[in-house]
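So you can see what is in the structure, the chains are spelled out below.
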Amino acid sequence: MRSPIYYGARGFAREINRQRNQYQKSIEKEQKKALKEEMYNNGYEFEQNENRRLEKKKQMCFNYATIMIKQNPYFDFELLKEKYIPAVFDYEKEPEYIDRASNIFVPEEKKLEKIFKSLRKNRIKKEIQKQNQIDADKKDFEERKEFYEINREIALNKFKKEEKKKQESIEKQNKNIDEFKRNYFVREEEAQKKYLTMLMTNYLNEHETKMFSSINLDYTSESKILIVEIEMNDVIEYFEFSHCKYLKSKNEIASYYYKDSEIKKEFTILLPKIAFGFTNLFLGNDLNDSIDNIIVNIMYNEIYLVSLNLSKKEFVKLNFDNLENFNKLNSNIRLFKSLQTGIKPYNK
């Protein structure tokens with residue numbers, strides 16, 4: 001029969017183990033809690049960073065429109081030309097003389113050769129061997145040099161032909177630009193249309209954006225009216241999402257599309273700026289005074305939302321530093337009230 005002391009010791013040990021396990025569990029619980037808090041904090045931080053990124057991306061679209069509005073006349077026909085800069089003919093280095101004969105050792109003539117004939121025989125053999133190698137080295141060098149000169153001459157002739165072709169091509173292109181410029185300033189219609197398309201293409205290439213899905217120009221010399229039809233891409237292409245939110249229960253980021261009311265709010269400011277931007281681009285660079293009037297129509301989902309009708313005389317009086325208030329221009333611009341109904345453009 002075990003003594004009471006034994007059972008007391010076992011009970012004490014169990015209590016110690018219980019307390020130890022309880023302590024370990026409390027530590028693990030605190031660690032899990034800390035990990036969860038860190039996970040939540042990372043989620044909320046990601047949400048803030050993502051919303052800042054979305055806001056910055058949206059602001060870039062407004063900045064794009066502002067740049068267009070404030071862009072000074074910049075088109076110059078001379079910038080279309082290319083200057084011929086002669087290239088320098090560069091060919092591989094001339095072959096070097098390879099001295100293999102110097103690796104052949106020829107012993108000096110000695111008096112012992114009179115006694116030991118083999119020494120003299122070996123020396124003469126080495127002299128002949130070295131001389132033969134000298135002749136072989138010279139022949140090899142001359143052959144490689146001749147081969148080099150032939151190939152260099154072929155490469156030089158090819159280089160001269162390519163340079164001449166390049167120079168002639170540049171001169172021809174520059175003459176075409178001069179002719180294009182002359183035709184434009186005498187208001188030849190095809191040159192005028194080419195100029196307007198080039199003006200728009202060059203600008204869009206220099207200032208890339210995903211806002212526009214298509215831009216079409218319609219110009220006639222008789223009316224001297226330029227009509228610019230702009231189709232906007234879906235806002236997901238350039239604004240992306242309205243905002244993001246971290247869902248704590250799912251530990252994931254949810255992205256929310258723009259509501260019509262939000263698109264309307266942004267477009268009410270953005271689209272007129274874009275309309276004025278294209279007006280500035282074309283009328284500001286109307287170097288031959290061939291445009292008396294411009295109409296800029298902007299569509300979204302095939303519905304006209306903005307139509308701007310402006311004459312050249314009205315354009316030159318505009319203060320492009322203060323176009324936030326469109327009330328003074330209400331007779332020149334039609335602005336949508338609903339994304340679903342839109343407006344009737346001036347040219348329809």
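Residues numbered from 1 in each chain as written. Predicted model: local features only at pLDDT ≥ 70, side-chain atom pairs only at ≥ 80, totals over all residues. Heavy atoms only, no water.

Student: Explain the sheet that holds strand S6 (residues 303–311) to me, please; I cannot follow it from the model alone.
Tutor: For sheets, the rule is that strands pair by backbone hydrogen bonds, running either parallel or antiparallel. In space, the five strands of this open sheet follow the order S1-S2-S5-S6-S7, with mixed pairing throughout. The open sheet has two edge strands with one neighbour each: strand S1 (212–220) and strand S7 (333–335). Each strand of the sheet is rotated relative to its neighbour by a mean of 15°, with strand direction disregarded. Note: strand S2 (residues 225–232) against strand S5 (residues 293–300), eight bridges, orientation parallel. What sits directly across from Ile-230, in S5, is Ile-298. Sitting on the sheet, helix H3 (residues 189–206) is in contact with S1 and S2, with an inclination near 155° to S1. Here helix H4 (residues 260–284) sits on the sheet in contact with S1, S2, S5, S6 and S7, set at roughly 150° to S5. (Pairing = 2+ DSSP bridges. Helix = DSSP H or I, 4+ residues; strand = E, 2+ residues; numbered from the N terminus. Axes fitted to C-alpha atoms, helices over the stretch in contact; angles between N-to-C directions. Contact = heavy atoms within 4.5 Å.)

Student: Would you take a moment to explain the side chain of Glu-163 for this structure?
Tutor: By the secondary structure assignment, Glu-163 is in helix H2 (residues 117–185). The side chain of Glu-163 sits in the buried core without any salt bridge; Lys-166 is the nearest counter-charge, 4.3 Å away. There is a polar contact of 2.7 Å between the side chain of Glu-163 and the side chain of Tyr-84. Non-local contacts of Glu-163, meaning those with residues more than four positions away in its chain, are made with Tyr-84, Ile-85, Pro-86 and Ala-87. (Buried < 20%, exposed > 50% of the residue type's maximum accessible area, 1.4 Å probe, protein only. Lys, Arg positive; Asp, Glu negative; His and termini not counted. Salt bridge = Lys/Arg side-chain N within 4 Å of Asp/Glu carboxyl O. Polar contact = N/O pair within 3.5 Å; in protein donor to acceptor, adjacent residues only side chain to side chain.)

Student: What exactly am I supposed to notice about H3 here?
Tutor: Each turn of an α-helix holds 3.6 residues, which means side chains three or four residues apart point in the same direction. Taking 1.5 Å as the rise per residue, H3 with 18 residues should run 26 Å; its terminal C-alpha atoms sit 26 Å apart, in good agreement. Capping the start of H3 is the job of one residue whose side-chain oxygen sits 3.3 Å from the backbone nitrogen of Glu-190: Glu-188. (Expected span 1.5 Å × (residues − 1).)

Student: In this structure, what is going on with the layout of surface pockets? I would like to understand it.
Tutor: Where empty space is left in the structure can be found by rolling a water-sized probe over the atoms. By volume, the largest pocket amounts to about 250 Å³. Residue lining of the largest pocket: Lys-57, Met-60, Cys-61, Tyr-64, Ile-67, His-207, Glu-208, Thr-209, Lys-210, Glu-237 and Tyr-238, and that is the complete set. Taken together, the residues of the lining of the largest pocket sort by class into five nonpolar, two polar and four charged. (1 Å grid on protein atoms, 1.4 Å probe; cavity = no way out; pocket = protein on both sides within 12 Å on 5 of 7 lines; lining within 4 Å. Points joined across faces, edges and corners; volume = space filled by probe spheres on them. Nonpolar A, V, L, I, M, F, W, Y, C, P; charged D, E, K, R; others polar.)

Student: Help me out: how do you make sense of the packing of aromatic side chains in this one?
Tutor: We describe a pair of aromatic rings using the distance from one ring centre to the other and the angle between the two ring planes. Going through the model one piece at a time under the given rule, you end up with 21 aromatic pairs. With 5.4 Å between their ring centres and 75° between their planes, Phe-77 and Phe-180 make a pair best called edge-to-face. Taken as a pair, Phe-77 in the loop between helix H1 (4–70) and H2 and Phe-180 in helix H2 lie far apart in primary sequence, 103 residues in all. Phe-180 carries the same exposure label as Phe-77, and that label is buried. Arranged with centres 5.0 Å apart and planes meeting at 90°, the rings of Phe-267 and Tyr-300 form a pair that is edge-to-face. Of this pair, Phe-267 sits in helix H4 while Tyr-300 sits in strand S5; the two residues are 33 residues apart in sequence, bridging distant segments of the chain. Judged by relative accessible area, Phe-267 falls into the buried class, the value being 0%. Look at Tyr-300 and you get buried, because its relative accessible area is 5%. (Phe/Tyr/Trp six-rings, centres within 6.5 Å; stacked < 30°, edge-to-face > 60°.)

Student: How do you make sense of the packing of H2 against H3 when you look at a structure like this?
Tutor: Two numbers describe a pair of packed helices, the interaxial angle and the distance between the axes. As a packed pair, H2 and H3 sit with axes 8 Å apart at the nearest point and diverge in direction by 110°. One finds that H2 runs roughly perpendicular with respect to H3. The hand of the H2/H3 crossing is left-handed. Note on element contacts: H3 touches H2 through Ala-191, Gln-192, Lys-194, Tyr-195 and Met-198, opposite Phe-180, Asn-183 and Tyr-184. For the contact of H2 with H3, the residue count by class is five nonpolar, two polar and one charged. (Parallel < 35°, antiparallel > 145°, perpendicular 65-115°, else oblique. Left-handed = near helix turned anticlockwise from the far one by under 90°.)

Student: Teacher, can you tell me more about a nonpolar patch on the surface here?
Tutor: Taken together, the side chains of Leu-112, Phe-116 and Leu-119 define a hydrophobic patch exposed on the protein surface, amounting to about 270 Å² of accessible area. Structurally, the position occupied by Leu-119 is in helix H2. You can call Leu-119 partly exposed: its relative accessible area is 40%. (Patch = residues over 30% accessible without salt bridge, like charges linked within 9 Å, V, L, I, M, F, W, Y side chains within 5 Å. Areas by Shrake-Rupley, 256 points an atom, 1.4 Å probe, with all protein chains shown as cover.)

Student: Looking at this structure, I do not really get unusual backbone geometry. What am I missing?
Tutor: Leaving glycine out, the prevailing phi sign among residues is negative, and the prevailing peptide bond configuration is trans. A positive phi angle, close to 65°, is found at Arg-187, a residue other than glycine. Note on placement: Arg-187 falls in the loop between H2 and H3. Even without being a glycine, Lys-224 presents a positive backbone phi close to 55°. Position of Lys-224 relative to the elements: it lies in the loop between S1 and S2. Classification of Lys-224 as buried rests on a relative accessible area of 18%.

Student: Any chance you could explain the environment of Glu-142 here in plain terms?
Tutor: Along the chain, Glu-142 falls in helix H2. Here Glu-142 falls in the exposed class, since its relative accessible area comes to 53%. Taking the C-alpha atoms as reference points, Glu-142 and Pro-95, 47 residues apart in sequence, are found 9.4 Å from one another.

Student: Is there a simple way to explain the pairing of S2 in this structure?
Tutor: Looking down a regular strand, the side chains alternate between one sheet face and the other. Burial analysis of S2 places seven of its eight residues in the buried class, the great majority of the element. What sits between the antiparallel neighbours S1 and S2 is a turn of four residues, in which Lys-224 has the positive phi angle 55°.

Student: In this structure, what is going on with the side chain of Asn-285? I would like to understand it.
Tutor: Relative to the helices and strands, Asn-285 is located in the loop between H4 and S5. A polar side-chain atom of Asn-285 sits 2.9 Å from the main-chain amide nitrogen of Tyr-74. Those residues within four positions of Asn-285 in sequence are excluded, and the remaining contacts are Pro-73, Tyr-74, Phe-75, Tyr-184, Tyr-195, Leu-199 and Asn-280.

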